[in-house]
Structures are given as structure tokens and as C-alpha cells.
Amino acid sequence: MHKVRVSLASRSYEISIGAGLLAKVGPGCARLRLGRRCAVISDSNVAPLFAKEVLTSLRDSGHEPILITVPAGEKSKSVAALGRCLNELASHRLERKSFLVALGGGVVGDLAGFVAATYLRGIPFVQAPTTLLAQVDSSVGGKTGVNLPAGKNLAGAFYQPRHVFCDLDTLTRLPRRDYVSGIAEVVKYGVIYDAAFFRSLESSISALLRRDPAMLGRVVRRCCEIKADVVSKDENESGLRAILNFGHTLGHAIENGFGYGKYLHGEAISIGQVAAARLSCEVMGLPERDATRIESLLRAAGLPVQVKLSASQRKKLFEAMLLDKKVSQGEVRFVLAKKIGEVTWGCRVQQEQIDAVMDSIS
Ligand code: GLY
């Protein structure tokens, strides 16, 4: 098992990465002295697979857990689902000395984290991410929240978990499409921070697609190290943390503009990364061959790199971009690459440049 530390003064915590970790959630929470009573929040896909193991582990280590299951899918990242979870905690009389376990992918982690941030003005929670995307990105760093009809993640809080348990065994149970979607975030870490890691992905993409255990361990660990480093330097995204949004400006708009569910998050940000790479050639002088390498790696992973848009869909996409949190003073800002392994945030881009790139990826 590997440990990665997220250093945030009194809010510091560790990420455990290894096989068989769901069975260790109970003892782990006991060591952290989070309380006796707790709620596991999961969804209708994940709970049947893994909730029993987590509940048993919690009971065997002296806890009294309840299970709250929300419907699987992005629709549960909503104010309505937040209200239902809060009411359920209240009806079971969970108190300040209680805690939550988020068991599932990004939707469950973001929702459960926001429930933890708001119930009784905040109770502790731990993350037990069961998807690649959640293990390498969303479970780490304390971004919690729900979507509003107007846009993704528009209501939320920075609220750090007390521990993250990345059980690599759960990744072998993921449907292929969900697994591949997570690889888009993995590629992102290479582009934004680590050219050597990007090269290792290029040479070992087949091992990653095979879910080779050693490769999975290395990949999840490196992504968590990078995320921990970035978050430790800029917890509340006043600057550097924005680099984690490479490919997300257009990616979020694709997710939102097409209606949640048509494109998985990773699929949308794969297309977004291709667009950001091409914009980077225009605006930052990223060598064309680097943009090609980014596109080729995403393609080799089986991710989409193009999107067909009608004129009205493109208009909707621009509207969605303007609603994104990355808008500053009414202007859409991008994270762009100078070279693989180095990016800059807050970049202004001309509308015509965006249009040209949209043409090239249609
Ligand atoms: N997923 C981007 C971040 O945590 O900042």
C-alpha cells in the first residue's frame, strides 16, 4: 500500500492507495477517531457491489453505520438529492460526532462531501472512491458540490475529507466505458505537470487499458501525488489549482450543452483537451507535434477527440461556457499548454480562435 499526503495545515490528510482497502475503511476511521455513528452514502450501481464490505468493516471496528443510496448518475448531483440526504441524516438523528463515508464515483463523492460540509454546519467525512476518475481526481482536494440547472458545480464548498481510501480492486469491476473515461483525467496530469509521466503513458497505454495491477498502482499514485502537490499549494483555487481544469472549459460545456449523460465527464474533457491543445498551438506556441501527441494518446485510450455540432448546438455550447465558473469578468478563460508538462491558466482567447478550433474538431 502507498500513502500520499495532502499537506493543508490542520486540514492535512492521507490518501491510501492499494488493493483490498475497502475492508480497511472501518479500522481506518477508528484510528482517525471520527465518531461511532456514521452514514455511508453510495449509489444504486455501487452499493450492491461494495456497500456490504464497507458496512461490515465499519461494524467490526465498533461503528454504527446506516446506508443511504441515491440513484446512479449525474442527476443525483442535485439540490434535491442534497436535501434528501440531509433529511435522512436528520431523521436518523446523526449528530456532530458522526461522520460520512462517500462510497462511489465522482457524483457520490461531490454530493456526499457537500452533505458533510452542510449537515450541522459540517461533520467529518472520508472518501472511498470506486472509479478511476474519482481516485485520481475528484476524491482528492475537497471540492464538493452539486449542479444547478444553470450549470455544473455551481453550488458547493471547499471541504476536505479526513482520509481517502483508493481501493484498486474496485477498478477491475468498472464498466469499460467508465474506466476509459477516467483515463482522460490521467492524461491531463501528464499534460499539466509531468512530461515523463506523459511519456510513460504513451509507452504503456495498453497495460493501463488492461488494468494491469502494477500499472494501476503507479498511475493512481502519481496522479494523487500531483493533485496533492497542486492542492497543497492552492487549496481554494486562487491561482495554480486552475491548471487542473485543462480541457474542462469546453469539456464542461459539452457535458452541460448536450445534457448530462450523453458524454461522460472524461469523454467530454478528452474532446476539451484536444481543443485546448489546438488553442495552445495558436496562442502559446505549443509545438504542433505536442498537440498531436496529446490527441493520439487520448485516441489510443479509446476516448473521443471530436464532436459534431449543429449551429444551434454550437451556440448552446458557447452559452454553457459563459456560465462556467472559469469565466472571469464575463470572459471565458482557458488553461493552455506551453509544452507537454507545463501549462498556464487564465488565458484569454479570441472568439475567432475558439471558432476555428471548433471547426477543426467537428
Ligand atoms: N478537479 C479539479 C480540482 O479538483 O481542482
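These notes cover the structure that comes with them. (Residues numbered from 1 in each chain as written. Predicted model: local features only at pLDDT ≥ 70, side-chain atom pairs only at ≥ 80, totals over all residues. Heavy atoms only, no water.)

Things to note about the environment of Pro-65
Put simply, the test is: The helix count covers DSSP runs of H or I at least four residues long, the strand count covers runs of E at least two residues long, and both are numbered beginning at the N terminus. Accessibility here uses a 1.4 Å probe with only protein chains present; expressed as a share of the type maximum, an area under 20% marks a residue as buried, one over 50% as exposed, and anything in between as partly exposed. Note on definitions: a residue-residue contact is assigned when non-hydrogen atoms from the two residues lie within 4.5 Å.
Along the polypeptide, Pro-65 turns up in strand S4 (residues 64–70). Pro-65 gets classed as buried once you look at its relative accessible area, which sits at 13%. Taking the C-alpha atoms as reference points, Pro-65 and Asp-359, 294 residues apart in sequence, are found 52 Å from one another. The residues contacting Pro-65, other than those within four sequence positions of it, are Cys-38, Leu-55, Leu-58 and Arg-59.

Some words on the packing of helix H10 (residues 265–284) against helix H13 (residues 351–360)
The test is simple: For helices, the fitted line uses only the C-alpha atoms of the stretch in contact; every axis is such a line through C-alpha atoms, and the angle between N-to-C directions lies from 0 to 180 degrees. Orientation is classified from the angle alone, with under 35 degrees giving roughly parallel, over 145 giving roughly antiparallel, 65 to 115 giving roughly perpendicular, and any other angle giving oblique. Handedness of each helix crossing follows the sense of rotation of the near helix against the far helix: counterclockwise by less than a right angle gives left-handed, clockwise gives right-handed. Each residue receives one of three labels: charged for Asp, Glu, Lys and Arg, nonpolar for Ala, Val, Leu, Ile, Met, Phe, Trp, Tyr, Cys and Pro, and polar for the others, Gly being one of them.
Where H10 meets H13, the axes come as close as 10 Å, and the angle between the chain directions of the two elements is 130 degrees. In terms of their interaxial angle, H10 and H13 are classed as oblique. As for how H10 packs across H13, the hand of that crossing is right-handed. Every residue of H13 that contacts H10 at Ala-275, Arg-278, Leu-279, Glu-282 and Val-283 is listed here: Gln-353, Ile-354, Val-357 and Ser-360. By residue class, the composition of the contact of H10 with H13 is 5 nonpolar, 2 polar and 2 charged.

A word on the site of the ligand
Applicable threshold: Consider each residue's heavy atoms; a residue with any of them within 4 Å of a molecule or strand counts as near. For the purposes of these results, a polar contact is taken to be a pair of N or O atoms within 3.5 Å, where, inside protein, one atom must be able to donate a hydrogen and its partner to accept one; residues adjacent in sequence count only when each atom of the pair is a side-chain atom. The Shrake-Rupley method, run with a 1.4 Å probe, gives the accessible areas here. Residue values count only the displayed protein chains as cover.
The immediate surroundings of the ligand are formed by Asp-137, Lys-143, Lys-227, Glu-237, Arg-241 and Leu-244. Here a nitrogen atom of the ligand and a side-chain polar atom of Asp-137 are 3.0 Å apart. Measuring from an oxygen atom of the ligand, one finds a side-chain N or O atom of Arg-241 at 2.7 Å. In isolation the ligand has 200 Å² of accessible area, and contact with the protein removes 90% of it. Residue composition of the shell around the ligand, grouped by class: 1 nonpolar, no polar and 5 charged.

Examining the nonpolar core
Spelled out, the test is: Each nonpolar core is a collection of buried residues, namely Ala, Val, Leu, Ile, Met, Phe, Trp, Tyr and Cys, held together in the definition by side-chain atoms within 4.5 Å.
Core analysis: the biggest nonpolar cluster contains 84 residues, and Ile-15, Ile-183, Val-186, Leu-208, Val-220 and Ile-254 have the highest contact counts within it. Sorting elements by how many residues they give to this core places helix H8 (residues 213–233) first, with 10 residues. Excluding residues that lie within four positions of it along the chain, Leu-208 makes contacts with Tyr-179, Ile-183, Val-186, Leu-201, Met-215, Leu-216 and Val-219. Residues Val-70, Leu-94, Leu-111 and Val-115 belong to the second largest nonpolar core, which totals 24 residues.

Re H13
Put simply, the rule is: What the arc covers is the set of directions going from the helix axis to the C-beta atoms.
Among the residues of H13, Ile-354, Val-357 and Met-358 are the ones counted as buried. For H13, the angular spread of the buried residues around the axis is 105 degrees, confining them to a single face.

Examining the state of the cysteines
Where we set the bar: To count as a disulfide, a pair of cysteine sulfur atoms needs to be within 2.5 Å.
Throughout the structure, instances matching the rule amount to 0 disulfides. Left without a disulfide partner, Cys-223 is nearest to the cysteine sulfur of Cys-224, which lies 7.0 Å away. We classify Cys-223 as buried; its relative accessible area is 0%.

Brief notes about the pairing of strand S1 (residues 2–6)
Spelled out, the test is: By the convention used here, strands pair only if DSSP detects at least 2 bridges between them.
Pairing of S1 with strand S2 (residues 13–18) involves 5 bridges; the strand directions are antiparallel. Within S2, the residue paired with Val-4 across the bridge is Ile-15.

Here's the deal with the packing of helix H7 (residues 195–209) against H8
Relative to each other, H7 and H8 sit at 145 degrees, their axes nearing to 11 Å. With respect to the hand of their crossing, H7 and H8 are arranged in left-handed fashion. Along the contact surface, H7 presents Phe-197, Ser-200, Leu-201, Ser-204, Ala-207 and Leu-208, while H8 presents Met-215, Leu-216, Val-219, Arg-222 and Cys-223. Residue composition of the contact of H7 with H8, grouped by class: 8 nonpolar, 2 polar and 1 charged.

Let's talk about H8
Helical geometry note: an α-helix holds 3.6 residues per turn, so side chains three or four residues apart project in the same direction. For the record, the criterion: Helix span is expected to be 1.5 Å times the residue number reduced by one.
Between its first and last C-alpha atoms H8 spans 30 Å; for 21 residues at 1.5 Å apiece the expected length is 30 Å, and the two agree. Of the positions making up H8, those classed as buried are Met-215, Leu-216, Gly-217, Val-219, Val-220, Cys-223, Cys-224, Ile-226, Lys-227, Ala-228, Val-230 and Val-231. On its buried face, H8 sits against S1, S2, helix H5 (132–138), strand S9 (163–167), helix H6 (176–193) and H7.

Some remarks on the packing of aromatic side chains
Put simply, the rule is: Stacked, edge-to-face and tilted are the three classes for Phe, Tyr and Trp ring pairs, Trp counted by its six-membered ring, which pair at centre distances within 6.5 Å; planes under 30 degrees apart are stacked, over 60 edge-to-face, the rest tilted. The rule is short: NZ of Lys or CZ of Arg within 6 Å of the ring centre and within 35 degrees of the ring normal puts a charge over the ring.
Taken as a whole, this structure holds 1 aromatic pair when the rule is applied. Arranged with centres 6.0 Å apart and planes meeting at 10 degrees, the rings of Phe-125 and Tyr-159 form a pair that is stacked. Here Tyr-159 lies in the loop between strand S8 (151–158) and S9 and Phe-125 lies in strand S6 (residues 125–129), a separation of 34 residues in the sequence. The class for Phe-125 is buried, based on a relative accessible area of 1%. Cation over ring: Lys-188 sits above Tyr-189, and NZ or CZ is 4.9 Å from the ring centre. Directly above the ring of Tyr-179 sits Arg-211, whose terminal nitrogen or CZ lies 4.3 Å from the centroid.

Regarding the pairing of strand S3 (residues 37–43)
Formally: Seen with the strands pointing away from the viewer, any crossover whose path from the first strand over the helix to the second strand runs clockwise is right-handed.
Counting buried positions along S3 yields 6 of 7 residues, so the element is predominantly enclosed. Here S3 runs beside S4; their pairing, made up of 7 bridges, is parallel. Across the sheet, the residue bridging to Asp-43 is Val-70, located in S4. Crossover S3 to S4 through helix H2 (residues 47–60) is right-handed. Relative to strand S5 (residues 98–104), S3 runs parallel, the two being bridged by 5 bridges. The residue bridging Ala-39 from the neighbouring strand is Leu-100, located in S5.

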